[in-house]
Amino acid sequence: MKSQKTSDGYAYTLNQFKASCAKAKVRDITVQDLKDFIVFLKKESLSDRTISNRVGEVVTFLRANGLKDVTYRHKYTEKIVKAYHSDDLKLLFCAANPEEWITFQFFLTTGAREQEVMHALWTDIDFVDGVFTIRDHPEWGFTTKDHEEREIPLPGHVIEELKKRVRTSDLIFPSKQGKAERSLLTDFERSSRAGRSRS
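Read on for an overview of the structure. Here the structure is a predicted model, which means the values were calculated and not measured.

Now for the packing of helix α5 (residues 98-110) against helix α7 (residues 156-164). Running from N to C, α5 and α7 point in directions that differ by 145°, and their axes come no closer than 10 Å. Classified by chirality, the crossing of α7 by α5 is left-handed. In this structure, α5 uses Trp101, Ile102, Gln105, Phe106 and Thr109 to contact α7, whose residues at the interface are His157, Val158, Glu161 and Leu162.

Dropping the structure here:
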C-alpha cells in the first residue's frame, strides 16, 4: 500500500499531465502526448531525472488502464557525485571562517541539496526538537523534489550555532542583498581547494 505522500505525488503528476494533454479519454492518448508532456515539464524548469520519473508515472497509469503500447522513456545522465575524504573535510573546516563553517556544517549534517539549503527559511527550523523541514517555498521560487516535505534531524552543535546567527532575512543563508545565495557549493569547493593548498 502506497503512503499518502506517494499517492499525493502521483496525483500531482497526473494533474500536470492533464494540464498538458487535451485528450478527454484515456484510450485516445498516444506516444506524442507523452512527448508533449516532456516539453511541458521542461518549461517548468524540472531536471531531466525528475522529468523521467514523471513520464514513468504516467506510463504506469496508462498501463494500469489498458494502454500497454503507449510508452516512452525520457533518458537522462546520472550525475557522478564526488565524495569528500575525511582529511579534506578537516582541512576545509580549519580554513573556513565562521560563516563558511556553519554553512558547510549545515550541508554536511543534513545531506540537503544545494537548492534546498539555498532556500531554507528560519521557519523551517524547529529549535525545540532540533529538526529541519524541507518544504516548498513558492514565494522564493522554490519547490521540493516531487513536492514532498521531509524532516531532517539537526545535531545540537548546529542548532546552537544557528541560534547565534543574526537574522537579516527570512532565509537562513542569504546573499548580501537578502536574496537566495547562488554560490553556496562554489564557495564550499573554493574553500576546500584553499585548505588543501595550505597543507
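The next thing to look at is the pairing of strand β2 (residues 131-134). Covered by surrounding structure in β2 are Val131 and Thr133 together with Phe132 and Ile134, the residues of both alternating faces. Note: strand β1 (residues 125-126) against β2, two bridges, orientation antiparallel. Among the inter-strand pairings, Ile125 is bridged to a residue of β2, identified as Phe132. Turn length for the β1-β2 hairpin, with the two strands adjacent in sequence and antiparallel, is four residues, and the turn residue Gly130 shows positive phi of about 65°. Here β2 pairs with strand β3 (residues 150-153) via four bridges, running antiparallel. Bridge pairing in β3 links Thr133 to Glu151.

This part takes up α5. Counted at 1.5 Å a residue, the expected span for α5 with its 13 residues is 18 Å, and the 18 Å between its end C-alpha atoms agrees. Among the residues making up α5, those that are buried are Ile102, Thr103, Phe104, Gln105, Phe106, Phe107 and Thr110. Gly111, located one to two residues past α5, shows a positive phi value of around 70°.

Okay, the pattern of salt bridges next. A complete count under the given rule lists nine salt bridges for this structure. With a shortest N-O distance of 2.7 Å, Arg113 and Glu116 are connected by a salt bridge. Linked by salt bridges that have partners in common, Arg113, Glu116 and Arg150 make up one network.

Below, the discussion takes up the sheet that holds β3. Strands sit in the order β1-β2-β3 across an open sheet of three strands; the sheet is antiparallel. Each edge of the sheet is formed by a strand with only one pairing partner; in this case those strands are β1 and β3.

For Ser45, which is not glycine, the phi torsion reads 60° and is therefore positive. Of note, Ser45 is situated in the loop between α2 (31-43) and α3 (48-64). For Ser45, a relative accessible area of 66% translates into the label exposed.

The next subject is the environment of Lys23. Considering the arrangement of structural elements, one finds Lys23 in the loop between α1 (4-20) and α2. A relative accessible area of 36% means that Lys23 is categorised as partly exposed. Once the C-alpha coordinates of Lys23 and Asp33 are considered, the two residues, 10 residues apart in sequence, prove to be 8.8 Å apart. Apart from residues no more than four positions distant in its own chain, Lys23 is found in contact with Asp28, Ile29, Thr30 and Asp33. In terms of polar contacts, Lys23 uses its side chain to reach the backbone carbonyl oxygen of Asp28, at 3.1 Å. Looking at Lys23, its side chain comes within polar contact range of the side chain of Asp33, at 2.8 Å.

Cut-off values and rules
Residues numbered from 1 in each chain as written. Predicted model: local features only at pLDDT ≥ 70, side-chain atom pairs only at ≥ 80, totals over all residues. Heavy atoms only, no water. Axes fitted to C-alpha atoms, helices over the stretch in contact; angles between N-to-C directions. Helix = DSSP H or I, 4+ residues; strand = E, 2+ residues; numbered from the N terminus. Left-handed = near helix turned anticlockwise from the far one by under 90°. Contact = heavy atoms within 4.5 Å. Buried < 20%, exposed > 50% of the residue type's maximum accessible area, 1.4 Å probe, protein only. Pairing = 2+ DSSP bridges. Expected span 1.5 Å × (residues − 1). Salt bridge = Lys/Arg side-chain N within 4 Å of Asp/Glu carboxyl O. Polar contact = N/O pair within 3.5 Å; in protein donor to acceptor, adjacent residues only side chain to side chain.

None of this, on its own, says anything about what the molecule does.
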